[in-house]
Amino acid sequence: MGELEDFIKNYEDVTKYGLDAADERMMIDQQDECVFCWTTADGSSMAVIMSYLEKDGKFWLTASSQRKRIPAIRRDPRVAIVITSTGAPLGKNKTVTYKGTARVLDDRETKDWFYPALAERIMKKFGQERVDLFAKFLDSPRRVIIEVTPGLRVGYDGSKMGAATQRSVEAGAAWQ
């Protein structure tokens, strides 16, 4: 560093502040909620916060089948998931977004592994009795599982932008 062109003067291009793979993995492991996005029948975008489980490179979520997102996914499987570091031990200002495709599953085999796994992820801090109860409550007649296969990934690390800003301010480059 040191060359004037190494310093920033604005935030027009933040693509150079990508999220490192290790931080992405830590964030996925530390968080248990994401923003799940889909498209409504009229073409509008919609989103909701949902609990998730990541397994085998896919994201797994659940909802009752009467929720509007379920027929929307069946109509158009293109979805997005956004995970942030806010509230996690990793700290704030980190995020990753995945464009992906979703499938709605309601087979017994998937439910048998997924409900206990999600309950463990979300409720383990409250003890095994609470984990078991949560898994039992999840297993309701209309509940389905959403499997998301991620595609395009966009990661961002605001701490990198903050450090670049600080270097530029200290060098006086931000005002040149």
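In what follows, the structure referred to is the one given above.
Cut-offs used in this document
Residues numbered from 1 in each chain as written. Predicted model: local features only at pLDDT ≥ 70, side-chain atom pairs only at ≥ 80, totals over all residues. Heavy atoms only, no water. Axes fitted to C-alpha atoms, helices over the stretch in contact; angles between N-to-C directions. Helix = DSSP H or I, 4+ residues; strand = E, 2+ residues; numbered from the N terminus. Parallel < 35°, antiparallel > 145°, perpendicular 65-115°, else oblique. Left-handed = near helix turned anticlockwise from the far one by under 90°. Contact = heavy atoms within 4.5 Å. Nonpolar A, V, L, I, M, F, W, Y, C, P; charged D, E, K, R; others polar. Core = buried A, V, L, I, M, F, W, Y, C linked by side-chain atoms within 4.5 Å. Buried < 20%, exposed > 50% of the residue type's maximum accessible area, 1.4 Å probe, protein only. Pairing = 2+ DSSP bridges. Arc of directions from axis to C-beta. Phe/Tyr/Trp six-rings, centres within 6.5 Å; stacked < 30°, edge-to-face > 60°. Lys NZ or Arg CZ within 6 Å of the ring centre and 35° of its normal.

Enquirer: Even after reading the chapter, I still don't get the packing of helix α3 (residues 108–123) against helix α4 (residues 128–138), so can you show me in this structure?
Expert: The geometry of a pair of packed helices is captured by two quantities: the angle between their axes and the separation between those axes. With their axes 8 Å apart at the nearest point, α3 and α4 run at an angle of 135° to one another. Our classification of the angle between α3 and α4 gives oblique. Like other packed secondary-structure pairs, α3 and α4 cross with a definite hand, here right-handed. Contacts between α3 and α4 involve Y115, P116, L118, A119, E120, I122 and M123 from the former and Q128, R130, V131, F134, A135 and L138 from the latter. Here the residues of the contact of α3 with α4 are counted per class, giving ten nonpolar, one polar and two charged.

Enquirer: For this particular structure, what's the right way to read the nonpolar core?
Expert: Among the nonpolar cores identified, the biggest contains 24 residues, and F36, F59, L61, I81, I83, I146 and V148 are the most heavily contacted of them. At the level of secondary structure, the elements contributing two or more residues to this core comprise α1 (21–30), β1 (33–39), β4 (58–64), α2 (69–75), β5 (78–84), β6 (94–105) and β7 (143–157). Non-local contacts of F36, meaning those with residues more than four positions away in its chain, are made with M46, A47, V48, M50, L61, R69, I73, V79, A80, I81, I146 and V148. With 13 residues, the next largest nonpolar core counts L53, F114, A135 and L138 among its residues.

Enquirer: Help me out: how do you make sense of the pairing of β6 in this one?
Expert: Regular strands have side chains that alternate between both faces of the sheet. In the sheet, β5 pairs with β6 via seven bridges, with the strands oriented antiparallel. Along β6, the bridge assignment pairs R78 with T101.

Enquirer: Would you mind showing me how to read α1 here?
Expert: Owing to its 3.6 residues per turn, the α-helix brings residues three or four apart onto one side. Along α1, the residues that are buried comprise D23, E24, M27 and I28. Down the axis, α1 shows its buried residues gathered within 135° of arc, on one side only. Exposed residues lying more than 90 degrees from the buried face of α1 are A21 and A22. Packed against the buried residues of α1 are β3 (53–55), β4, β5, β6, α3 and β7.

Enquirer: What is the right way to read the packing of aromatic side chains from this model?
Expert: Here a ring pair, both rings aromatic, is described through the centre-centre distance and the interplanar angle of the planes. According to the stated counting rule, one finds six aromatic pairs in the structure shown. Their ring planes at 90° and their centres at 5.8 Å tell us that W113 and F114 sit as a pair that is edge-to-face. The exposure class assigned to F114 is buried, which follows from its relative accessible area of 0%. Over the ring of W113 we find K55, and its NZ or CZ is 3.9 Å from the ring centre. The aromatic ring of Y52 is capped on one face by R121, whose charged end is 4.9 Å from the ring centroid.

Read these as layout, nothing more, since geometry by itself doesn't imply function.
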